Amino acid sequence: MTTFGLPILYTILLWWFSTGVILYLDGLDRRTFIWSMSGSTVLLGVSLWGLTLSSGDTSAWGAFQAFACGLAIWGWQLVSFYMGYITGPRKVASDANITRRRRFSQAVAACLYHELTVCGSAAVLIVLTWDASNKMGLWTFLLLWGMHQSAKFNIFLGVPNLGEALLPQHLRYLQSFMTKKPMNPLFPVSVTVSTVITLLLAQKAIATDATAFDAAGYTILATLMVLAIAEHWFLVTPIDLNGLWTFGVKTESTDTPTNREITMGDQPSNIVSLCTRQAGGEAGLLPASVAHRSVETQDPQNVTRFKPMTTSESDMGSPTIKYQQYFECAIARLKAENRYRVFADLERDAAAFPVALWRPDDEAEPREVTIWCSNDYLGMGGKAEVVGAAVRAAQRHGAGAGGTRNISGTHHPIVELEAELADLHGKEAALAFTSGWISNLASISTIAGLLPKCLILTDALNHNSMIEGIRRSGCEKQLWRHNDVAHLEELLIAAGQDRAKLIVFESLYSMDGDIAPVAEIARLAKKYNAMTYVDEVHAVGMYGSRGGGICEREGIMDQIDVIEGTLAKGFGTLGGYITASSIIIDAVRSYAPQFIFTTTLPPMVAASACAAVRHLKASSEERTRHQYMAALTKHALRAAGLPILENSSHIVPLMVCDASLCKAASDMLLKRHAIYIQPINYPTVEIGTERLRITPTPRHNEAHLVELVEALVDVWKTLGLPFNEAEIIPLRINKAAEPARCTFSDLKQAAE
Ligand SMILES: Cc1ncc(COP(=O)(O)O)c(C=O)c1O
């Protein structure tokens, strides 16, 4: 035990401790960087001093000391890297469409500052220990460096499971440089080399002529290598890190329009433990729901500045578990990050839409505002025929459904609605759910769960409801880079022809407004024998000659196995649905708890949705006007030099690229200009891509648009936001019912 056991134990404890400290510091906000850097720099000084002192000591104790110093110096490197001290100014995510070579060179550029400091430190250590008999500190540093380099290469070249949940928050943008694909050949090479080094070290440790110094020193180095190799395996082994890491290392995005996976940094363990410590409890006591909320960074100043609990508040729980503080902590965190959401109290007016009444908290009288961010994309929610259907159904059948579908909830309006939806998508059957979110959760989890060892291939930007459905299925999943069919094909090939595969994607992504290559995905699915599940939530009612969505427009509805949609956006009411073959619908109906154990949509909702679907099947007027207004809005914003994100859909993302400015712009639009556009911040979109998401409807007109441009120009100038070069691109309206009219001169005049 003394010769080998003690060094092994010592190494494990020290490694474990230093990794924990680094993770803890990493989770802290960038603004805490001064004190974390000062602390770790003092540690650096002490370690260098300790290294000098121990460099001549060849006792076992000398080996321990030098190892601890080497590890601490390495720790300083990592803390500096994570705190951004060494990472340098390059914080730009890689463009998804660049070549692998450029991706790699960008990754190297992003890490270069760090590599240079590592080289600098190595040089210092070499100088300090040049003539020394004890070089354990130097070897510790060099071994870790070697392992680190090989891990980086493996990541950049591509490994099947990135273990990205372990990546620190501050390096999230680095993920964009990485490649996920079947095992890269470097991985077995680097692990084999490391294993050989470990064996050589172990052999030296147990050599018969080994001194106490050799035995202790080589044992700790060999143990360090084993630990580093184990960490290496995290890159390739599909381990459920949630299960492993009690503090909830990995989560997926939450919130309505969120499409993305969010990783470890989103809910740093230290926030959880900080809250936990403040609340006086144990980490494990944190409610799972809190641990699984996504969070980006935190500001400990804000967190620690919490209002102390009053006695009556703390009375809510036992003296050791102060329940209130968990919630206070969670909310303070959101506020500190400018992600706290404030709801606008709006009173929609069916006839006047998009004009509505807004009731500000601090004003007695309501104010008239124009809504520019509604997902009632076609204004169907206020259409007389849709409202009339709801009123008639409510009068005839009452307000509620009376139960689940099994217990008297299968009412005639919902049966009619399902028939209408099946017909809309050219499928045998449909099934209605209480929301689009639930329909994705229920259907994806049930369909994939019923297939043997199903592999789910999911677009990296899929909506939260799909991510939750995938998670609930318990199936293995692989992410393919957003809309990258070449990557999808790689994964399909790797999965093999005989494995059950479900490809899950959206036809139109709501935040960037980009459209998926649906026909190409369907072709690949057929080629590699995979099932397809498409979410057409942001397209149904609005695309295709009868409103069947992008797949209808592309003429491929029959090539998709399951089409999912919502009744709450293009159709202006509430509920979600899937359409597919009768047997798939029967299976979901029979197995999905989210369908079986909840009350059905009320008849009035089903009837009004049915009226909207019927109307939009027959009429293209709303679609044409909608596309015209979307094109006109983009045209006007471009002409005013406002930085919109280009896409070919009806969504107009206006980029602000800063969370607090985005919120400020939204507030100013509402208060100063009576225009309501909700800010879109993280986790709905990536940090640094915050935006105002503008959704023109057929009910907006040119006068509304002039007001909007004028207001936006004022807000942009007031907040000092950057303008683009004004661009006048001719309006091209396909098959427009009304002639295209360039309103730029009016708009510009108004804006000035
Ligand atoms: C892509 C996508 N799928 C599903 C949903 C959920 O739909 P619903 O609002 O009907 O619950 C949303 C909501 O915005 C979405 O963006």
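Residues numbered from 1 in each chain as written. Predicted model: local features only at pLDDT ≥ 70, side-chain atom pairs only at ≥ 80, totals over all residues. Heavy atoms only, no water.

(A) Local environment of the overall build of the protein. Helices and strands together make up the secondary structure of the protein, namely 28 helices and 16 strands. Classification of the 752 residues of the protein by burial places 56% in the buried group. Relative to all contacts within the protein whose residues are 6 or more apart in sequence, the contacts with residues 24 or more apart total 75%. Of the accessible surface of the protein, which amounts to about 31600 Å², a share of 61% is contributed by carbon and sulfur atoms. (Helix = DSSP H or I, 4+ residues; strand = E, 2+ residues; numbered from the N terminus. Buried < 20%, exposed > 50% of the residue type's maximum accessible area, 1.4 Å probe, protein only. Contact = heavy atoms within 4.5 Å. Areas by Shrake-Rupley, 256 points an atom, 1.4 Å probe, with all protein chains shown as cover.)

(B) Structural context of the sheet that holds strand E5 (residues 367-371). The 4 strands lie next to each other as E3-E4-E5-E14, forming an open sheet whose pairing is mixed. If you trace the sheet from one side to the other, it starts and ends with strand E3 (346-348) and strand E14 (675-676), each paired once. (Pairing = 2+ DSSP bridges.)

(C) Layout of the site of the ligand. Neighbouring residues of the ligand: 13 residues in total, closest Gly436, Asp535, His538, Thr566 and Lys569. With respect to the ligand, the backbone of glycine 436 contributes an N or O atom lying 2.9 Å from an oxygen atom. Take lysine 569: an N or O atom from its side chain is 2.9 Å from an oxygen atom of the ligand. Within the complex, 91% of the 390 Å² of free accessible area of the ligand lies under protein. At 3 residues, helix H17 (residues 436-450) tops the list of elements feeding residues into the shell around the ligand. (Near = heavy atom within 4 Å. Polar contact = N/O pair within 3.5 Å; in protein donor to acceptor, adjacent residues only side chain to side chain.)

(D) Quick look at the pairing of strand E6 (residues 429-433). In terms of residue burial, E6 counts as a mostly covered element, since 5 of its 5 residues are buried. Because side chains alternate across E6, one face comprises the buried residues Ala429, Leu431 and Phe433, and the other comprises Ala430 and Ala432, equally buried. In terms of strand pairing, E6 meets strand E12 (residues 576-580) through 5 bridges, oriented antiparallel. What sits directly across from alanine 430, in E12, is threonine 579.

(E) Representation of the pattern of salt bridges within the structure. Overall, the coordinates contain 22 salt bridges when judged by the stated rule. For arginine 546, the salt bridge goes to aspartate 423, with nearest N and O atoms at 3.2 Å. Separated by 123 residues along the polypeptide, arginine 546 in the loop between strand E10 (531-535) and helix H21 (550-553) and aspartate 423 in helix H16 (residues 412-424) bring together distant segments of the chain. Each of Glu416, Glu420, Asp423, Arg546, Arg614 and Lys617 takes part in one network of salt bridges that share partners. (Salt bridge = Lys/Arg side-chain N within 4 Å of Asp/Glu carboxyl O.)

(F) Spatial organisation of a nonpolar patch on the surface. On the surface, a cluster of nonpolar side chains totalling about 340 Å² of accessible area is made up of Phe4, Ile8, Ile12 and Ile206. Examined against the element boundaries, phenylalanine 4 turns out to sit in the segment before helix H1 (5-27). (Patch = residues over 30% accessible without salt bridge, like charges linked within 9 Å, V, L, I, M, F, W, Y side chains within 5 Å.)

(G) Main features of the confidence of the model for the protein. When the pLDDT values of the protein are averaged, the result is 83; 80% of them are 70 or greater. Between residues 240-317, whose pLDDT stays under 50, and residues either more than four places distant or in other chains, the model counts 209 contacts. (pLDDT = per-residue confidence, 0-100.)

(H) Spatial organisation of the packing of aromatic side chains. Applying the stated criterion across every chain yields a total of 5 aromatic pairs. An angle of 85° between the planes, with centres 4.6 Å apart, marks the rings of tyrosine 10 and phenylalanine 64 as edge-to-face. Residue tyrosine 10 is found in helix H1, and its partner phenylalanine 64 is found in helix H3 (residues 60-82); the two are separated by 54 residues along the sequence. We classify tyrosine 10 as partly exposed; its relative accessible area is 24%. (Phe/Tyr/Trp six-rings, centres within 6.5 Å; stacked < 30°, edge-to-face > 60°.)

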